[in-house]
Amino acid sequence: MRHRLHALTTLLSQPSIARGEKRSLWVGGLLVLALASVPWLLSSYATTAMRDALILAIFALSYDLLWGKAMVLTLGHAVFFGVGAYGVAIGTTQLEWSWLQGMGIGLAAAVLLAAAVGYFLLYAGVRLHFFAIITMAVLLITRQLATSWQSVTGGDVGILGIPGIRIDLPGWSLDLSDERSSYLAALLALVLALLLVWALIRTRYGLVLAAIGMNEFRAKHCGFDTSWHLVLVFTLSAALAAFSGALYAGTAGVVAPDLFSILLSTEVILWVAVGGRGTLIGPVIAAVFFTRVQQEVSSYSTDLWPLILGILFLVCVLALPHGIVGLLRSRRKAGAEPPPVPDTVAGAGVEP
């Protein structure tokens, strides 16, 4: 265990920031400042809708860490989002704990569930579509549990009256329950999560995850315990998804078994696929955009969004296999390449 911790510490050492990364950080900082002005520019409804979109963007970021970097596809990632939300709901309404303590319940439950599922499946060699199908089964079991355990989860109705986000520490208290404060809290949480994941993947450990995603067999023969690394990234992704669920419960004020839906697990796959796997910022932008589109479409018809979702999947598979950000990067690289050198002297326009 000590050897693994020492190796992990070495893998997490941060390299120097390149010039292109500094430019991206400056652009991202300006974008964050623009988003911070939303509560003062838009209506109360638009601010609330954008806040929910930012929270779901953290959920998309957690899935991009898992699928975009380690290439681990799961069809039940919404289970961790729902566990985080229900942890806050149960902790604040039934146990009368604070939001932070409820978030601790949700994070602990999600981490234990992910570690158990990941250990028994990944160490057993379960990969690819087999792993995806089993995680979907875990999602269905959890949804049935949330529906049946009425004394704790509220059954089909869910849990209502969840108090807003309030951070109480000895000698200090911060109320984030109003619309403006909750929006800024969601924006800050997204920025911190994005920086944390970005710092993780640019280390040597990020290169190890990329190597496992490209060819796990070769990574294993290079001396890496690939199953342990996959369990670790699966657990980290689950913790980040549970954190977004805890934010959602504290801002929405209600949770229901619909959080454990296959539709939500499908939507997060779409966000990552359309935005661009492994790009981080692509899934975040796609999650915000498509969440806002879904909110507008659902105001007209609740049955129309699944049809649009299916069409978007087909378009993504056929036309955008690497996502929008991947398409932009490939075009930029193609434009930066020098023109091809003629193969012959005559082709170069030079007389022999």
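Predicted, not measured: the structure shown is a model, and the values here were computed from it.

**Notes on the overall build of the chain**
Thinking step 1. The helix and strand tally for the chain stands at 16 helices and 2 strands.
Thinking step 2. The burial tally for the chain puts 44% of its 352 residues in the buried class.
Thinking step 3. Sequence separation of 24 or more characterises 78% of the internal contacts of the chain that already satisfy a separation of 6 or more.
Thinking step 4. Summed over all atoms, the accessible surface of the chain reaches about 18600 Å², with 69% contributed by carbon and sulfur.

**Observations regarding helix α12 (residues 226-252)**
The periodicity of an α-helix, 3.6 residues per turn, causes residues three or four places apart in sequence to face the same way.
Thinking step 1. A rise of 1.5 Å per residue sets the reference length of α12, with its 27 residues, at 39 Å; its end C-alpha atoms lie 39 Å apart and thus fit the reference within 8%.
Thinking step 2. In terms of burial, α12 is a largely internal element, 21 of the 27 residues being buried.
Thinking step 3. Two residues or fewer past α12, Gly-253 is found with a positive phi of approximately 80°.

**Some remarks on the environment of Pro-163**
Thinking step 1. Relative to the assigned elements, Pro-163 resides in the loop between α8 (150-153) and β1 (166-169).
Thinking step 2. Spatially, the C-alpha atoms of Pro-163 and Gly-253 are 6.2 Å apart, while their sequence positions differ by 90 residues.
Thinking step 3. In contact with Pro-163, other than residues within four places in its own chain, are Thr-92, Thr-93 and Gly-250.

**Remarks on the nonpolar core**
Thinking step 1. Core analysis: the largest hydrophobic core is formed by 90 residues, its most contacted members being Phe-59, Phe-80, Val-255 and Trp-271.
Thinking step 2. In terms of residue count, the dominant contributor to this core is helix α4 (residues 44-70) (15 residues).
Thinking step 3. Not counting residues within four places of it along the chain, the set of residues in contact with Phe-59 comprises His-77, Ala-78, Phe-81, Ala-241, Ser-244, Leu-264, Val-268 and Trp-271.

**Concerning unusual backbone geometry**
Thinking step 1. Phi angles above zero are rare outside glycine, and Leu-128 is one such case at about 55°.
Thinking step 2. Locating Leu-128 in the fold gives a position in helix α7 (residues 128-148).
Thinking step 3. Of note, the phi angle at Leu-280 is positive, near 70°, even though the residue is not glycine.
Thinking step 4. By the element assignment, Leu-280 lies in the loop between α13 (262-275) and α14 (281-300).
Thinking step 5. For Leu-280, a relative accessible area of 5% corresponds to the buried category.

**Let's talk about the pairing of strand β2 (residues 172-175)**
Thinking step 1. Across 4 bridges, β1 lies against β2 in antiparallel orientation. Residue pairing in the sheet places Leu-169 in a bridge with Trp-172 of β2.
Thinking step 2. Where β1 folds back on β2, the antiparallel hairpin that results is connected by 2 residues, among which Gly-171 adopts a positive phi of roughly 80°.

**Overview of a nonpolar patch on the surface**
Thinking step 1. A grouping of Leu-25, Leu-188, Leu-192 and Leu-195 is seen on the molecular surface, where their side chains present a nonpolar patch of about 350 Å² in accessible area.
Thinking step 2. Looking at which element gives the most residues to the nonpolar patch, the answer is helix α9 (residues 179-201), with 3 residues.
Thinking step 3. Relative to the assigned elements, Leu-25 resides in helix α2 (residues 19-36).
Thinking step 4. A relative accessible area of 35% places Leu-25 in the partly exposed class.

**A short note on the side chain of Thr-47**
Thinking step 1. Structurally, the position occupied by Thr-47 is in helix α4.
Thinking step 2. Classification of Thr-47 by relative accessible area gives buried; the value is 3%.
Thinking step 3. A distance of 2.8 Å separates a polar side-chain atom of Thr-47 from the backbone oxygen of Ser-43.
Thinking step 4. In contact with Thr-47, other than residues within four places in its own chain, are Val-38, Pro-39, Leu-42, Glu-179 and Tyr-183.

Basis of the calculations
Residues numbered from 1 in each chain as written. Predicted model: local features only at pLDDT ≥ 70, side-chain atom pairs only at ≥ 80, totals over all residues. Heavy atoms only, no water. Helix = DSSP H or I, 4+ residues; strand = E, 2+ residues; numbered from the N terminus. Buried < 20%, exposed > 50% of the residue type's maximum accessible area, 1.4 Å probe, protein only. Contact = heavy atoms within 4.5 Å. Areas by Shrake-Rupley, 256 points an atom, 1.4 Å probe, with all protein chains shown as cover. Expected span 1.5 Å × (residues − 1). Core = buried A, V, L, I, M, F, W, Y, C linked by side-chain atoms within 4.5 Å. Pairing = 2+ DSSP bridges. Patch = residues over 30% accessible without salt bridge, like charges linked within 9 Å, V, L, I, M, F, W, Y side chains within 5 Å. Salt bridge = Lys/Arg side-chain N within 4 Å of Asp/Glu carboxyl O. Polar contact = N/O pair within 3.5 Å; in protein donor to acceptor, adjacent residues only side chain to side chain.

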